[in-house]
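Inside the fold
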Amino acid sequence: MKDVLDVHVHTTASGHAYSTFGEVVAAAKRKNLELVGIADHAPLMPGATHNFYYLNFSVIPREVAGIKIAMGAELNIIDYSGSTDLPAQILKRIDYAIASLHNPCIEPGTLAENTAAIIGAMRNPHVVIIGHPDNPKYPVDFDAIARAAKDNRVLLEINNSSYNNDGHRAGSVDSAKFMLAACKKFGTEIIMGSDAHIDIDVGNHERSQKILSDNNFPEELVVNSSIEKFFERVAYRKSLAPI
């Protein structure tokens with residue numbers, strides 16, 4: 001499977017990651033990526049950066065050493081309506097956003113509550129990706145989420161970090177099967193993300209690719225094959241935002 005991008009990467013600005021912007025770009029170069037996206041954790045994650053961090057993205061070139069750069073944020077979904085923790089005036093100045101359910105920021109709810117939280121986040125026009133929606137700590141209705149993602153042209157993530165047996169989202173391999181089945185049913189596109197918190201993990205989608213292969217997931221529904229596909233999705237979502 002062609003895989004030329006990774007847009008779920010964290011730097012030291014997230015507070016619990018271990019590599020700098022330069023180290024991430026150098027790793028992307030070594031991995032022969034065409035695009036790397038830095039999506040540091042938004043402010044409600046313990047140890048994360050201040051809002052001012054996102055307001056200074058204009059100093060960062062969008063191409064370094066032949067690698068395209070996208071500067072985003074991993075937002076925390078903070079209630080069951082899908083609210084997130086960066087205001088619209090900041091979101092419109094960044095390249096894209098991932099929205100995720102994280103234990104430090106929202107307690108797992110019922111299946112209906114968790115589903116509503118994710119679908120609510122999809123209504124935010126700056127949200128392009130739902131991060132690790134197959135986390136079994138937050139049970140959801142995968143048919144409802146896949147249908148909503150298709151309707152809103154939001155990408156569901158296959159998160160490589162989630163499938164680490166020693167990680168903190170145990171059971172995600174099993175729940176990914178149900179999510180992928182729903183995505184195939186509705187023709188919902190997905191994106192692989194490393195969720196790298198150190199440079200050596202940038203572009204690492206090995207576990208994700210195995211899950212896609214094991215579940216016979218159609219390659220045409222995986223946007224990692226083309227940076228144009230990703231940027232087209234970003235442009236569409238941004239076009240929905242009020243001026």
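See above for the structure.
Residues numbered from 1 in each chain as written. Predicted model: local features only at pLDDT ≥ 70, side-chain atom pairs only at ≥ 80, totals over all residues. Heavy atoms only, no water.

1. A short note on the packing of aromatic side chains
Centre distance and the angle of the planes are the two values used to describe a pair of aromatic rings. A full pass over the atoms with the stated rule returns 5 aromatic pairs. Here the aromatic residues Y53, Y54 and F57 are joined through ring pairs into a cluster of three or more. Of note, R153 hangs over the ring of Y236, and the distance from its end group to the ring centre comes to 4.3 Å. (Phe/Tyr/Trp six-rings, centres within 6.5 Å; stacked < 30°, edge-to-face > 60°. Lys NZ or Arg CZ within 6 Å of the ring centre and 35° of its normal.)

2. A few points about the pattern of salt bridges
Per the counting criterion, the structure on display carries 7 salt bridges. One salt bridge in this structure joins D95 and R62, with 2.8 Å as the shortest N-O distance. Separated by 33 residues along the polypeptide, D95 in the loop between α3 (88-91) and β5 (96-100) and R62 in the loop between α2 (51-55) and β3 (63-64) bring together distant segments of the chain. The exposure class assigned to D95 is partly exposed, which follows from its relative accessible area of 23%. Judged by relative accessible area, which is 30%, R62 ranks as partly exposed. Of the charged contacts in the structure, one is a salt bridge between R233 and E189, with a shortest N-O distance of 2.2 Å. Placement of the pair is R233 in helix α8 (residues 227-239) and E189 in the loop between α6 (172-186) and β8 (190-193), with a sequence separation of 44 residues. (Salt bridge = Lys/Arg side-chain N within 4 Å of Asp/Glu carboxyl O. Helix = DSSP H or I, 4+ residues; strand = E, 2+ residues; numbered from the N terminus. Buried < 20%, exposed > 50% of the residue type's maximum accessible area, 1.4 Å probe, protein only.)

3. Some thoughts on the pairing of strand β4 (residues 67-76)
Extensive coverage of β4 is indicated by the burial of 9 of its 10 residues. Strand direction decides the pairing type here: strand β2 (residues 35-41) and β4, joined by 7 bridges, are parallel. Residue pairing in the sheet places G37 in a bridge with A70 of β4. As defined by bridge partners, β4 adjoins β5 across 5 bridges and the pair is classed as parallel. The residue bridging N76 from the neighbouring strand is S100, located in β5. (Pairing = 2+ DSSP bridges.)

4. Structural notes on the environment of E23
Along the chain, E23 turns up in helix α1 (residues 21-30). Looking at E23, the relative accessible area reads 34%, which means it is partly exposed. Spatially, the C-alpha atom of E23 lies 31 Å from that of Y236, the residues being 213 residues apart in sequence. Those residues in contact with E23 that sit more than four places away from it in its chain are Y18 and D199. (Contact = heavy atoms within 4.5 Å.)

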